[in-house]
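A look at the structure
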Amino acid sequence: MILPIVAYGNPILRKPAAPITADYPGLASLIDDMWETMYASSGVGLAGPQVNKPIRLFVIDSAQIFANMEDDDERYPDEPGIKKVFINAELIDLNGEEWVYNEGCLSIPKIREDIQRPELVTLKYMDENFVPHTETFTGLTARVIQHEYDHIDGKLFIDYLKPLKKKLLQGKLNDISKGKIKVDYKMLFAK
């Protein structure tokens, strides 16, 4: 089932999400719905708060980015990417050189900005079967993970912008929060 994506302005996007246990009601179908929703809206990652669930859950599929690259596009060390579920993720370390990449977000449609993030991220997390992992990710995969991890901590990619840049975007952000935007996927706007 395709779920509506929570739009910028909804308070759920600003609250740190809560951890869950293996008996979280309907977890398997929620994960399936999140994959379906993410693909239907052409996303590469989706977090619980973005589908109105205040829980520490996100899914990513960085393999899509590589699958859609042109031959002359820049190459990244994590090619061909991964598809993975992250539950109760905890950030262990951010490391390596900071690098810029043009990011967007399904909750903030039609706004893309160059964001600087470290090249490596180490996380402790559970997969969809609640098997624990500690893993370090690099390249575009690390970028997508950091973006989705921010969602479960109540942060958005626009928080990394300089104040003037954010101020220049405020009109567009206000329009999104009021539902004055056309997208080709279902959205849930703040009341």
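Reference entry: report on the structure contained in this document. Along each chain, numbering runs from 1 in the same order as the chain's sequence is written. For this predicted model, a pLDDT threshold of at least 70 governs which residues receive local features, and a threshold of 80 or more governs which side-chain atom pairs are given and counted, while totals over whole chains, interfaces and linings are taken from all residues. Side-chain numbers here rest on the full set of heavy atoms in the structure, without hydrogens or water.

It is worth spelling out the overall build of the protein at this point. Numbered from the N terminus, helices here are DSSP runs of H or I no shorter than four residues, and strands are runs of E no shorter than two. Helix and strand counts for the protein come out as four helices and seven strands. When the helices and strands of the protein are read in sequence order from the N terminus, they spell out β-α-β-β-α-β-β-β-α-α-β. Against the compact-globule benchmark of 16 Å for 191 residues, the protein has a radius of gyration of 16 Å, which places it among compact chains. Over its C-alpha atoms, taken along the principal directions, the protein stretches across nearly 45 × 40 × 30 Å. For every residue, the accessible area (1.4 Å probe, protein chains only) is compared with the maximum for its type, and the residue is labelled buried under 20%, exposed over 50%, or partly exposed between those bounds. Out of the 191 residues in the protein, the part that is buried amounts to 48%. Note on definitions: a residue-residue contact is assigned when non-hydrogen atoms from the two residues lie within 4.5 Å. Expressed as a percentage of contacts within the protein between residues at least 6 apart in sequence, the contacts between residues at least 24 apart total 69%. For the protein, the exposed surface amounts to about 9,700 Å²; the carbon and sulfur share of it is 53%. A positive count includes Lys and Arg, and a negative count includes Asp and Glu. His and the chain ends are not counted in either. A single reference atom marks each charge: NZ on Lys, CZ on Arg, CG on Asp, CD on Glu. Within the protein, the 29 negative side-chain charges are centred at a point lying 12 Å from the centre of the 23 positive side-chain charges. Here the globule rule is a power law, 2.2 Å times the number of residues to the power 0.38, and the radius of gyration is based on C-alpha atoms. A 1.4 Å probe and the Shrake-Rupley method give the accessible areas. Residues count as covered only by the protein chains that appear here.

A patch consists of residues whose relative accessible area exceeds 30% and which take part in no salt bridge; residues with like charges are grouped when within 9 Å of each other, and nonpolar side chains (Val, Leu, Ile, Met, Phe, Trp, Tyr) when within 5 Å. What makes a salt bridge here is a side-chain nitrogen of Lys or Arg within 4 Å of a carboxyl oxygen of Asp or Glu, nothing more. A surface patch of like charges, here negative, comprises Glu70, Asp71, Asp72, Asp73 and Glu74. Residue position: Glu74 is located in the loop between α2 (63-67) and β4 (83-105).

Geometrically, a pair of aromatic rings is defined through the distance of the ring centres and the angle of the planes. Stacked, edge-to-face and tilted labels apply to pairs of Phe, Tyr and Trp rings (six-membered ring for Trp) whose centres lie within 6.5 Å, assigned for plane angles under 30 degrees, over 60, and everything in between, in that order. Across all of its chains, the model carries eight aromatic pairs by this definition. Here the aromatic rings of Trp35 and Tyr39 are separated by 6.0 Å at their centres, their planes lie at 15 degrees, and the arrangement is stacked. One end of the pair is Trp35 and the other is Tyr39, both in helix α1 (residues 27-40) and four residues apart, which spans about a single turn. Given a relative accessible area of 12%, Trp35 falls into the buried group. Measuring from centroid to centroid gives 5.8 Å for Trp99 and Tyr101, while their planes differ by 65 degrees, and the two rings are edge-to-face. Judged by its relative accessible area of 24%, Tyr101 falls in the partly exposed class. Grouped by ring-pair contacts, the aromatic residues Phe58, Phe86, Tyr125 and Phe137 constitute a single cluster. We count a charge as sitting over a ring when the NZ of a lysine or the CZ of an arginine lies within 6 Å of the ring centre and within 35 degrees of the ring normal. A cation over an aromatic ring shows up here: Lys83 above the ring of Trp35, its NZ or CZ 4.6 Å from the ring centre. Across the ring face of Trp99, the terminal group of Arg143 is positioned such that the distance to the ring centre comes to 4.4 Å.

Should DSSP find at least two bridges between two strands, the strands are regarded as paired. Taken in spatial order, the five strands of this open sheet run β2-β3-β4-β5-β6, and their pairing is antiparallel. A strand with exactly one partner marks an edge of an open sheet, and here the two such strands are β2 (45-47) and β6 (132-138). Each strand axis lies, on average, 40 degrees off the axis of its neighbour in the sheet, ignoring direction. The axes are straight lines fitted to the C-alpha atoms, using for helices just the contacting stretch, and the angles between their N-to-C directions are given from 0 to 180°. Strand contacts of α1: β2, β3 (57-61) and β4, with the helix running at about 45 degrees to β3, the strand carrying the most contacts.

So, on to helix α4 (residues 163-177). What we call the bend at a residue is the angle made by axes fitted to the seven residues finishing there and the seven residues starting there. Of all the bends in α4, the greatest measures close to 50 degrees and is centred on Gln170. By the burial criterion, the buried members of α4 are Leu169, Leu173, Ile176 and Ser177. Those residues of α4 hidden inside the fold are in contact with β5 (108-126). Immediately beyond the C-terminal end of α4, within one or two residues, lies Gly179, with a positive phi of roughly 80 degrees.

This part takes up the layout of surface pockets. Points on a 1 Å grid, built from protein atoms alone, make a cavity when a 1.4 Å probe fits but cannot get out and make a pocket when they are open with protein on both sides within 12 Å along at least 5 of 7 lines; residues with an atom within 4 Å of a point are the lining residues. Grid points are joined across faces, edges and corners, and a volume is the space filled by probe spheres set on the points. There is about 640 Å³ of room inside the largest pocket. Here the element with the most residues in the lining of the largest pocket is helix α3 (residues 139-152); it accounts for six residues.

This paragraph deals with the pairing of β4. Pairing analysis gives five bridges linking β3 to β4, with the strands arranged antiparallel. Note on β4: the bridge partner recorded for Ile60 is Lys84. Note: β4 against β5, 13 bridges, orientation antiparallel. By the bridge assignment, Leu94 is partnered in β5 with Val121.

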